[in-house]
Every structure is written in structure tokens, then in C-alpha cells.
Amino acid sequence: MKDQQSSSEAADLYGVSAWGQGLVHVLPNGDVALADPAENGATVPVSLPAILEGLNERGIATPILLRVQSFLEIGLRRLNDAFSNAIAATEYRGDYRGVFPIKVNQQAEVVGRLVQAGQPYHYGLEAGSKPELIVALAQPLAEQSLIICNGIKDDEFIRLAILSLKLGFRTVIVLESLKEFEIVKRVSDELGIKPLLGVRVKLTQVVTGKWASSSGDRSSFGIGADQIVTLVERMRETGFLDCLVLQHNHLGSQVPNVIDVRRTVTEACRFYSELRRLGVPLAFLDMGGGLGVDYTGEKRASDNSVNYTVDEYAAAIVETVGYAMDEAGHPHPTLVTESGRFVVALSSMLIFDVLDATLYGVPQRPDLTENEHHFLHDMVAIEEYVKPGRLQECFNDAVYYRDEIRALFRRGQMDITQLATAERCFLYILKRVQTVIRENGAGEALSEALEGFVDYYHCNFSLFQSLPDVWAIDQLHPVIPLQRLNEQPTRRAVLTDITCDSDGKIDSFILGDGIHKSLPVHDLEEDKPYHIGVFFVGAYQETLGDLHNLFGDANVVTISLTGEGGFTIEHETEGDTIAEVLSYVEYDPGDCLDAFRKTVERAVAKGTVNSAERRSLIAAYKDSLGGYTYFE
Ligand SMILES: *Cc1c(COP(=O)(O)O)cnc(C)c1O
């Protein structure tokens, strides 16, 4: 009989109550479930394994990127409510006009949904490139919504931005350099239309966190104090000063500490006040991105967590700006943020199945015969003193015998069958040691040594395609098995992906009591799927991914929760087929098929393949071309 655990024990083990944000739950039957939190008119939690079964019946296979429509709207609403509450609470005399930075999730469905749900807030878009501006100009934005253009801009980009003003779009070109102003001036003169301009100011304050280098003197973006005055004078001289309405400051993403927000806003306000004093008609203060997500649920200023809520973030900005403007005697600016991560991170999760496992730890004691080498008997005898207080000694002894036996094998004094038995004895002792540790705990050194002996669970996904930041910048996301949480997990595993790259693994996990190098998991059962979910992957992951080993996009499904414990599919995008992925790297799938056919034909001519084999060879090749790139 398996050891049971309650749903609240499971939630504690995996830290769900800390990071789940009211969206993720554990049901009494051991399933992980999704629900809208109370602020959204709480819905009955819907079991994720049941959702997966429903999708599977409709022919949608894992890996799946699952998006929940209402979760997308929750981020948007929390952000706008936070600012409107802070504005009301401090009697701030200005508005908030957020914009969504398209680069954070460019999917048409996501941008479209955010624009629609953002209408009441006059929510706008931030475009960091020409293609993103093209996207922004195709959206039904509300009347007062802003389009903020950042990044390096050429003639074409600037022309389109200026022309769009004629259509009623409020498109602001944020100047990144003096040179860019000269292009804007020339294009504007040509068109006979005055632009709406912003200036990206380089602050001297440095923020902490992973993106520290995006802030301070050495940031590659923005205009420093020395050049700003020159720019203002040049604009005055050429009659463009009236166009400069927005000051932009972006300090990088996922700012961990709210004190950094206050410090940088204070400095931004100094620039704003001084520019106003020089006669610049600034009316918008844009603090860029940086509003972080508490991925770990630890509520502290660390790389994957933040020590503030969205309400505290908004209050820090609104209060600081209000106070600084009152001091300086300027009207309160319209506040803008370009919060991307916060708005979309929660909305999607990656779900995949475990295909196989490599287990370290043998539960049954291996049978030894009399004439087995005495090292093997010595190793098994360790079992008699596997007790709290002697665990390190047991581990050391087991490693010693194992290494001696391996040396004998290398010298030809032991055969492969004996070596295999020895390795099993070693894993058996390890398992015994781990069992005692689970009940009694262990010292740090031993725990660390044993981290090297966790199981590998081989999973059906590509880290490089679906979780690029986990690979590139050690981003942490909550990861949890989606079923059987009513049973105590008996194993600890690292999750490996199906690329043949040794970097393709997840080996850092958020649990209730901190960050661990392995995930508690259950023994796999024959013919029963074991699914794992990686949560809060809606920001940045979807298009930063690459085609390592030619694994393509996963299936993407958007669902909405019906409220009564059911769900409906709103949108479905099939993942890449192998033929699609091949054509991305310039193979012609038709040519590949032709080449394969010719090879088969030659084999037929030689008589090594008959006509029935010919048919099945070609059919297998064709089926694969049209199939999913992942394990089916
Ligand atoms: C990436 C980026 C953002 C988004 O930042 P988040 O931290 O995701 O909110 C905003 N503005 C600019 C200029 C950016 O480059």
C-alpha cells in the first residue's frame, strides 16, 4: 500500500500555496487543478489531468503549451487596478496608461486578447522594432491608448510612426540618440507632420537583479545628462521642442527590490523636473518594464522572486512622482509603464509527459552467492549499520568498495556480470541510506553528495525550444507533477529533455522549503501517463526558443474555465510538423522525399528490398514528415 498524503501536505511540499497565486490548486484526489481566483469571481477548480485527457481525446498530444484565457486578463486587471487604486489613495492628479511590450509575447492571439481586454483601461502597446509597430497599427486600440516606439529606428520605421498620427493613433517615437532626432526631423519635414516624441534618459542609479547591466552609466540604451541638454537645445533651435512630451526610463526586467524602484523613480523625477524647467512640455513619465513576478513565492529580493506586490510597486511610483512634482511645482504627469512579464507570465504553462526513467536506487537486496568477491559481501554488509549518525560512514564505505571493484574490472580481474551485481549492491545501499535520511534528515555534506545520485526522468519536451530562459539565464519556474499527489512521492528526480544535449535538463526546483536540485516524483506505472507541468511560462519563452535538434513549436491550446469545473477550447495551434521544421532550415521536404525514393529504388534494383517493403519504407518516411517533432 502506498503512503498517502493529503492535498494540503502536497501543496506544502511543492510550495503551491506560496507560488500558486490562487490559480493553481491540489485536489483531494491528487490532481493539480486550475481555477480563477476569488477577485475574478472564483471558479470551481478544473483538474489538469482531466483537461489533458479531454485534449487527448480531441487528438491534441503533449507536449502542450496550455494558455488560460482568464489568466491573461488577471495580470492586466491586477496591474491597472493597482495603479488606479494608488492614484485614488494618494490623490494623484494624473492618469495611468500602461502599454504591453510586444516582444514579451508576440503571439497574435495574446496581443489581440490583451488589446481587447485592455480597452476600458486605454491600454496601449510598446513596439521595439518595425514588425512590432506593424502589429500595433493593426490593432483596434482605444482612443487614448499609446503606442510607444523604442529601439533603433530607421527612416521607414519613423515614417510609419509619424504617418500613423493622421489616423488618430497616439504613436510616440522615443529618441535613443541625437542622431535619431536628425532622422526624425528630416522625415517630419518631408511629410509636413509634426511627430510625438519621447526621450530615453539614461539614469545613473543601478538596479539589482539579473538585468543590472540594463541600468546605470554603462547601459547601452538612452541618452546621458551630457547629451540631453544638447538635444534639447537642438530641438528648440529647429522648432521641435513642443513635440517632446514623454520621458522614458527602462531599467531592465524583473527588478527584485522595490527600493530600487523608489530610487530610480526619484532620479527620473529629477530629470523630468529639470527638463520641464528648460521649457520641455513633458506630460508623460514612462518607467518602462521591470515589474517582477514572484516565481518562487518567497516574497524576497532575489533573482526569481520580488519583495513587493503589484500594489506596492504602483504605490511606490505614484507616491514618489506625486511628491517630487509637488516639490518642484509641476503638474502630475500621466504615468506609463511597459510591464510585460507581469501581465503575461501567469497565463500559460508547459505540459509534458515522462517517457522513461533512469533510476538510481535499487529497492531489492541483490542475491549474492558464496563465491562472489568478498568486496561485494562487504558492501552488502553495510546494510547492518545504516542508522542515523552513521550515514556518512555508510556512504563512504559503499563508495570505497564500489571504486575498488571498478578498479578490479579495469584490470581484468572481474567480469562484467560481477561488475553489474556490484553496481546493483551499491545502488541498494544508497537506497537504504536515502530511506533513513528521508525519515531522519542528514548532514549537509551527505545531502549534497547524494544529490548526485537522483533519478533521471526523461521527458517529452525541448528545453531549448520551450524554456529557453531556464537554459540561458537559470530562470526558475514552478514545476510539479500533475497527478497522484495524494500518494507520497518516493523518488527524487532531475528532468531531462529529448534533445541529445546534456544541457537539456531541469535540475533546480522550487519546493515549499526552498530551492532544491531534484523534484519529488512518483514511481512510473506501466501504461499510465505521468504528466509534469511547468508553470508561468507566458513571458519571453514562446519565441526566444530555437530549433535545437530540430524540435519545433509544441501544440498550443487556449482554454477558458467555464466556472462549473469544465473548460472549453478557445483556440488551437498545431505544433510544427517535421516538414515545417525542415523548411525553416532550408531543406525542401519534397526534395528529401525524392532523394529517399531514389535510394529505395536503387535497393529495389539491387534486390535487397521487395515491392511490399518499398511501399512501407516510403510510407514510413512520408508519415514522419507530416508528424509532430516530439515523441508520439
Ligand atoms: C523588454 C522591455 C520591456 C518589458 O519589460 P518587463 O520587465 O517584461 O516588464 C519594457 N520596455 C522595454 C524598453 C523593454 O525592452
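Predicted, not measured: the structure shown is a model, and the values here were computed from it.

Here we come to the overall build of the protein chain. When you go through the protein chain residue by residue, the secondary structure sums to 22 helices and 23 strands. Overall, the protein chain is about 100 × 70 × 55 Å in size when its C-alpha atoms are taken along their principal axes. Across the 632 residues that make up the protein chain, the buried fraction comes to 53%. A fraction of 75% describes how many contacts in the protein chain between residues 6 or more apart in sequence connect residues 24 or more apart. Summed over all atoms, the accessible surface of the protein chain reaches about 27800 Å², with 51% contributed by carbon and sulfur.

Per the domain assignment, the segments of the protein chain are domain 1 (7-69 + 348-359 + 454-573), domain 2 (93-338), domain 3 (374-452) and domain 4 (578-625). Domain 1 and domain 2 are separated by 35 Å when their C-alpha centres are compared. The interface is formed by 21 residues belonging to domain 1 together with 17 residues belonging to domain 2. Where domain 1 abuts domain 2, roughly 1700 Å² becomes buried across the two surfaces, and 48% of that area is made up of carbon and sulfur atoms. One can count one salt bridge joining domain 1 with domain 2. Of all the secondary-structure elements, those providing two or more residues to the side of domain 1 that touches domain 2 are α2 (16-19) and α19 (541-544). Here the side of domain 1 that touches domain 2 is composed, by residue class, of ten nonpolar, eight polar and three charged.

To continue, consider the side chain of Q483. Its place among the elements puts Q483 in the loop between β15 (479-481) and β16 (491-496). According to the relative accessible area criterion, Q483 is buried, its value standing at 9%. At 3.0 Å, the side chain of Q483 forms a polar contact with the backbone nitrogen of H531.

Turning our attention to the site of the ligand. The environment of the ligand is made up of 15 residues, and the closest members are K103, S253, E338, G340 and Y540. Measuring from an oxygen atom of the ligand, one finds a backbone N or O atom of G290 at 2.9 Å. Contact between the ligand and G340: an oxygen atom at 2.7 Å from a main-chain N or O atom of the residue. Considering the ligand on its own, with 390 Å² of exposed area, one finds that the protein chains cover 91% of that surface.

As a further point, take the packing of helix α14 (residues 391-410) against helix α15 (residues 416-440). Any two packed helices are characterised by how steeply their axes cross, that is the angle between the axes, and by the distance between the axes. Running from N to C, α14 and α15 point in directions that differ by 170°, and their axes come no closer than 10 Å. With respect to α15, the element α14 is oriented roughly antiparallel. Residues L391, C394, F395, A398, V399, R402, I405, R406 and F409 of α14 touch α15, and the partners they reach there are I416, L419, A422, E423, F426, I429, L430, V433, V436 and I437. Tallied by class, residues from the contact of α14 with α15 come to 16 nonpolar, no polar and three charged.

Turning to the sheet that holds strand β3 (residues 46-47), a few remarks are in order. In spatial order, the strands read β1-β2-β3; together these three strands make up an open sheet with antiparallel pairing. Each edge of the open sheet carries a strand with a single partner, namely β1 (24-26) and β3. With two bridges joining them, strand β2 (residues 32-34) and β3 adopt antiparallel strand pairing. Counted as the bridge partner of A33 is S47 from β3.

Once that is clear, we can look at a negative patch on the surface. A contiguous patch of negative charge on the surface is contributed by D553, E572, E574 and E580. Here E574 is to be found in the loop between β23 (567-573) and α20 (578-584). E574 sits in the exposed class, given a relative accessible area of 64%.

Cut-offs applied
Residues numbered from 1 in each chain as written. Predicted model: local features only at pLDDT ≥ 70, side-chain atom pairs only at ≥ 80, totals over all residues. Heavy atoms only, no water. Helix = DSSP H or I, 4+ residues; strand = E, 2+ residues; numbered from the N terminus. Buried < 20%, exposed > 50% of the residue type's maximum accessible area, 1.4 Å probe, protein only. Contact = heavy atoms within 4.5 Å. Areas by Shrake-Rupley, 256 points an atom, 1.4 Å probe, with all protein chains shown as cover. Domains from an automatic or database assignment. Buried area = accessible area lost by both parts, 1.4 Å probe. Salt bridge = Lys/Arg side-chain N within 4 Å of Asp/Glu carboxyl O. Nonpolar A, V, L, I, M, F, W, Y, C, P; charged D, E, K, R; others polar. Polar contact = N/O pair within 3.5 Å; in protein donor to acceptor, adjacent residues only side chain to side chain. Near = heavy atom within 4 Å. Axes fitted to C-alpha atoms, helices over the stretch in contact; angles between N-to-C directions. Parallel < 35°, antiparallel > 145°, perpendicular 65-115°, else oblique. Pairing = 2+ DSSP bridges. Patch = residues over 30% accessible without salt bridge, like charges linked within 9 Å, V, L, I, M, F, W, Y side chains within 5 Å. Lys, Arg positive; Asp, Glu negative; His and termini not counted. Charge placed at Lys NZ, Arg CZ, Asp CG, Glu CD.

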